[in-house]
Amino acid sequence: MDGGGTHTRAVLLTHDAEVVDHASGPGCNPFDRPEWAQNLHDLLHRMQRPGLRAATLGMAGYDAARPSSAEQEQVARTALAATGAGTVRLWLENDVETAHRAAFGGGTGVFVLAGTGSVTLARGVGGQMARVGGWGWLLGDEGGGYWIGREALGAVTRFLDGDPLSHTAFVKTLLHRLGLPVTGEHTSDALLEWVRTRTHPRSAMAAMAHVVDDLAQTGDPQAISLLRCAGTHLARQARLAASRVSPEPLSHTAPVAWSYGGSVMNSPTVRHTIAEHLGATPLIPMLPPLGGAALRAAELAGWAWDGTAITRLAGALARVFPTHGPTGA
């Protein structure tokens, strides 16, 4: 299972790396969704299979030392027990760990994850790990979808307040895309009402990153500037994470081997900006994040998957959850 801030996806796999069941639902981050436990329980309960041997759940907000993570494990075990699965070897981890394993096949490198939030994970040659970012929308998540959306709508509020330095063309396009008025006495109320009526405001704000990317690809200078700023934040995370697992001091110009995931990384502007700062072209992920969970679950089940099985796995995942851009997000 791969559980992010906005979406959760799960697959049930056979020894031959074929998908026999799959499900998707809303996010299950306990720091963000009051209903996270119900979301997690409902999705796992739908994956009913008495013969289940092992399960790996990658989840946003997970850390074994946190009280909320003990709750995540309890909810998962209860849901799996209700399916009649019997004794299941269960592994829980942060979703960036799942995505890193998927991208590098368990090998070394720096993984930049930018979806609704943002976090970077590096793994060194000795197996040491370093995580940078992942502080959540209240404390950080710079460069993530919510951060981009918040910055974009911040430009809108300045425009509506009458700021003469606001970027009028950029703001008007954003308001049009939201179906909101650009002029009139009720423009401010319309924006506030839009925020109030979102089912999950943070996810709705994060979805604005796609609008900003659309504008950047048409050449809008404000959109390009915002996405380059996001890429710079993410590159700083990546270089800091890389320095923490490097056996030798890492210079600020040394190339960094990296890969990526999350919906924000579908933006060419963001990827190119990170590549400029890290001095290296990114590695295309070997598998989507769900594949990282599958690799760990297979290991727990005692299945020795070779390259052929991994290729088959990649194809099976692509069929049930078609990718939207290079990250599979």
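All figures in this text were calculated on a predicted structure; none of them were measured in a lab.

To continue, consider the overall build of the chain. Along the backbone of the chain there are 11 helices and 9 strands. Considering only C-alpha atoms, the chain reaches an extent of 65 × 45 × 35 Å along its principal axes. Long-range contacts, defined as pairs at least 24 residues apart, comprise 67% of the intrachain contacts of the chain with a sequence gap of at least 6. Accessible surface, the chain: about 15,000 Å² in total, of which carbon and sulfur atoms supply 54%. Averaging the locations of the 26 positively and 28 negatively charged side chains of the chain gives two centres separated by 4 Å.

Turning our attention to helix α9 (residues 268-278). Of all the positions in α9, only Thr269, Val270, Arg271, Thr273, Ile274, Ala275 and Leu278 are classed as buried. For α9, the elements touching its buried residues are β6 (109-114), α7 (201-217), α8 (221-245) and β9 (258-261). Of the residues one or two after α9, glycine 279 is the one with positive phi, at around 70 degrees.

Taken together, the side chains of Trp135, Trp137, Leu138 and Leu139 make up a nonpolar region of the molecular surface, amounting to roughly 550 Å² of accessible area. By the secondary structure assignment, leucine 139 is in the loop between β8 (129-133) and α4 (145-160).

Turning our attention to the packing of helix α5 (residues 168-177) against α7. For the pair α5 and α7, interaxial distance at closest approach is 11 Å and the crossing angle is 130 degrees. Put simply, α5 runs oblique to α7. In the crossing of α5 with α7, the sense of the turn from one axis to the other is right-handed. In this structure, α5 uses Phe170, Thr173, Leu174 and Arg177 to contact α7, whose residues at the interface are Met208, Val211, Val212, Asp214 and Leu215. Across the contact of α5 with α7, the residue classes tally to 6 nonpolar, 1 polar and 2 charged.

In this structure, Ile148, Phe170, Trp258, Met265 and Ile274 are the most contacted members of the largest nonpolar core, which totals 53 residues. With 10 residues, the top contributor of residues to this core is α8. Leu40, Leu43, Leu52 and Ala76 belong to the second largest nonpolar core, which has 22 residues in total.

Before going further, it helps to examine the side chain of asparagine 94. Take asparagine 94: it is sitting in strand β5 (residues 89-94). Looking at asparagine 94, the relative accessible area reads 6%, which means it is buried.

Here the focus is the side chain of arginine 239. Position of arginine 239 among the secondary structure elements: in helix α8. Although buried, arginine 239 forms no salt bridge, and the nearest oppositely charged side chain, glutamate 276, lies 12 Å from it.

Next up on the list: the layout of surface pockets. Approximately 420 Å³ is the volume attributed to the second largest pocket. Residue lining of the second largest pocket: 26 residues in total, with Val11, Leu12, Leu13, Leu52 and Ala54 positioned closest to the centre. For the lining of the second largest pocket, the elements supplying multiple residues, two or more each, are β2 (7-13), β4 (54-59) and α10 (289-301). The element best represented in the lining of the second largest pocket is α10, accounting for 6 residues. When grouped by side-chain class, the residues that make up the lining of the second largest pocket number 21 nonpolar, 3 polar and 2 charged.

All right, on to the sheet that holds strand β3 (residues 19-26) then. Strand order in the open sheet made by the 5 strands is β3-β2-β1-β4-β5, with mixed pairing throughout. Strands with a single pairing partner mark the edges of an open sheet, and in this sheet they are β3 and β5. Note: β2 against β3, 7 bridges, orientation antiparallel. Considered in β3, the bridge of alanine 10 is made with alanine 23. Sitting on the sheet, helix α3 (residues 95-104) touches β1 (2-3), β4 and β5, and the angle it makes with β5 is about 100 degrees.

The next thing to look at is unusual backbone geometry. Look at alanine 17: it is not a glycine, yet its phi comes out positive at around 65 degrees. Tracing the backbone shows alanine 17 in the loop between β2 and β3. By relative accessible area, which is 0% here, alanine 17 ends up buried. With a phi close to 60 degrees, aspartate 141 is a non-glycine residue in the positive phi region. Positionally, aspartate 141 belongs in the loop between β8 and α4.

In this structure the tally under the stated criterion is 11 salt bridges. The shortest N-O distance in the salt bridge between arginine 312 and glutamate 18 comes to 4.0 Å. In this pair, arginine 312 is assigned in helix α11 (residues 307-320) and glutamate 18 in the loop between β2 and β3, connecting sequence segments 294 residues apart. Ionic pairing is found between glutamate 276 and arginine 228, a salt bridge with its closest N-O pair at 2.9 Å. A residue pair is termed long-range when its members are at least 10 positions apart, and glutamate 276 in helix α9 and arginine 228 in helix α8 qualify at 48 residues. With relative accessibility at 34%, the residue arginine 228 sits in the partly exposed group.

Procedures and definitions
- Residues numbered from 1 in each chain as written.
- Predicted model: local features only at pLDDT ≥ 70, side-chain atom pairs only at ≥ 80, totals over all residues.
- Heavy atoms only, no water.
- Helix = DSSP H or I, 4+ residues; strand = E, 2+ residues; numbered from the N terminus.
- Contact = heavy atoms within 4.5 Å.
- Areas by Shrake-Rupley, 256 points an atom, 1.4 Å probe, with all protein chains shown as cover.
- Lys, Arg positive; Asp, Glu negative; His and termini not counted.
- Charge placed at Lys NZ, Arg CZ, Asp CG, Glu CD.
- Buried < 20%, exposed > 50% of the residue type's maximum accessible area, 1.4 Å probe, protein only.
- Patch = residues over 30% accessible without salt bridge, like charges linked within 9 Å, V, L, I, M, F, W, Y side chains within 5 Å.
- Salt bridge = Lys/Arg side-chain N within 4 Å of Asp/Glu carboxyl O.
- Axes fitted to C-alpha atoms, helices over the stretch in contact; angles between N-to-C directions.
- Parallel < 35°, antiparallel > 145°, perpendicular 65-115°, else oblique.
- Left-handed = near helix turned anticlockwise from the far one by under 90°.
- Nonpolar A, V, L, I, M, F, W, Y, C, P; charged D, E, K, R; others polar.
- Core = buried A, V, L, I, M, F, W, Y, C linked by side-chain atoms within 4.5 Å.
- 1 Å grid on protein atoms, 1.4 Å probe; cavity = no way out; pocket = protein on both sides within 12 Å on 5 of 7 lines; lining within 4 Å.
- Points joined across faces, edges and corners; volume = space filled by probe spheres on them.
- Pairing = 2+ DSSP bridges.

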